[in-house]
Amino acid sequence: MAVEQTLSIIKPDAVGNHHIGAIIQRFEESGLKIAALKMLQLSREQAEGFYAEHSERPFFTSLVEFMISGPVCVQVLQGESAVARNRELMGATNPEEAAPGTIRADFATAVSANAVHGSDSQASARREIDYFFAADEIYTR
Ligand code: DGI
């Protein structure tokens, strides 16, 4: 299996509810390394650009409003099959459908406030990592 990187975001609901540590712990305990990490307040333009593929969806405006409602933590996770493994740890988009023990089952409150983002493919991971991090901010040790 190939070592990959994926982009993870701890969203404003989980940051506001003091779940940063618990969520990072799940990544580390599953063997995914934290290769980069920062906390930031997204601007409207940054959030719209990040979710550009959803710009025609009915929930786009509320998604952007939610993502700028407070600070987020963004991290690069690194490990074998990191993209798929992070998606497994996250659980389904709608927390009501997320498997027990997943991050969204345990920390999300609604589909519109679902605690975490994770890249859905290696191609999106590359784009999303480059969206937030310069090469010299990523520690591939
Ligand atoms: O990759 P995911 O985050 O699991 O899901 P996605 O790429 O389909 O959607 C991106 C985000 O958009 C998702 O995390 C929450 C929001 N979203 C998706 N579907 C709905 C939604 N928000 C609302 N309010 N209603 C939806 O049906």
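Definitions and limits used
- Residues numbered from 1 in each chain as written.
- Predicted model: local features only at pLDDT ≥ 70, side-chain atom pairs only at ≥ 80, totals over all residues.
- Heavy atoms only, no water.
- UniProt positions renumbered as here; feature names shortened; annotations may be inferred.
- Helix = DSSP H or I, 4+ residues; strand = E, 2+ residues; numbered from the N terminus.
- Contact = heavy atoms within 4.5 Å.
- Near = heavy atom within 4 Å.
- Polar contact = N/O pair within 3.5 Å; in protein donor to acceptor, adjacent residues only side chain to side chain.
- Areas by Shrake-Rupley, 256 points an atom, 1.4 Å probe, with all protein chains shown as cover.
- Nonpolar A, V, L, I, M, F, W, Y, C, P; charged D, E, K, R; others polar.
- Buried < 20%, exposed > 50% of the residue type's maximum accessible area, 1.4 Å probe, protein only.
- Pairing = 2+ DSSP bridges.

The name that an unreviewed UniProt entry assigns to the protein is Nucleoside diphosphate kinase, with the source organism given as Gilvimarinus algae. UniProt annotates the protein under Subunit (unreviewed entry) with the comment "Homotetramer." Among the UniProt annotations of the protein, the heading Subcellular location (unreviewed entry) holds the following wording: "Cytoplasm".

1. What about the side chain of asparagine 114?
Positionally, asparagine 114 belongs in the loop between α6 (103-107) and β4 (116-118). If we ignore the near neighbours within four places in the chain, the residues touching asparagine 114 are Lys11, Asp13, Thr93, Pro95, Arg104 and Ala108.

2. Observations concerning the site of the ligand
All residues adjacent to the ligand are Lys11, His54, Phe59, Leu63, Arg87, Thr93, Arg104, Val111, Ser112 and Asn114. One of the side-chain nitrogen or oxygen atoms of lysine 11 is found 3.0 Å away from an oxygen atom of the ligand. Contact with the protein chains removes 75% of the 530 Å² of surface that the ligand exposes when unbound. Taken together, the residues of the shell around the ligand break down into 3 nonpolar, 4 polar and 3 charged.

3. Structural notes on the UniProt feature "binding site: ATP" (unreviewed entry) in the protein
Using the residue numbers shown here, the UniProt feature "binding site: ATP" (unreviewed entry) corresponds to Lys11, Phe59, Arg87, Thr93, Arg104 and Asn114. Assignment of secondary structure puts threonine 93 in the loop between α5 (82-90) and α6. Given the relative accessible area of 43%, threonine 93 is considered partly exposed. Aside from chain neighbours lying at most four places away, what touches threonine 93 is Arg104, Val111 and Asn114. Within polar-contact distance, the side chain of asparagine 114 engages the backbone oxygen of threonine 93 at 3.1 Å.

4. Describing the pairing of strand β3 (residues 72-80)
Summarising burial for β3: 8 of the 9 residues are buried, a large majority. For strand β1 (residues 3-10) and β3, the ladder comprises 8 bridges, and the chain directions are antiparallel. Pairing of isoleucine 10 across the sheet is with cysteine 73, part of β3. As paired elements, strand β2 (residues 33-40) and β3 share 7 bridges and run antiparallel to each other. Note on β3: the bridge partner recorded for isoleucine 34 is leucine 77.

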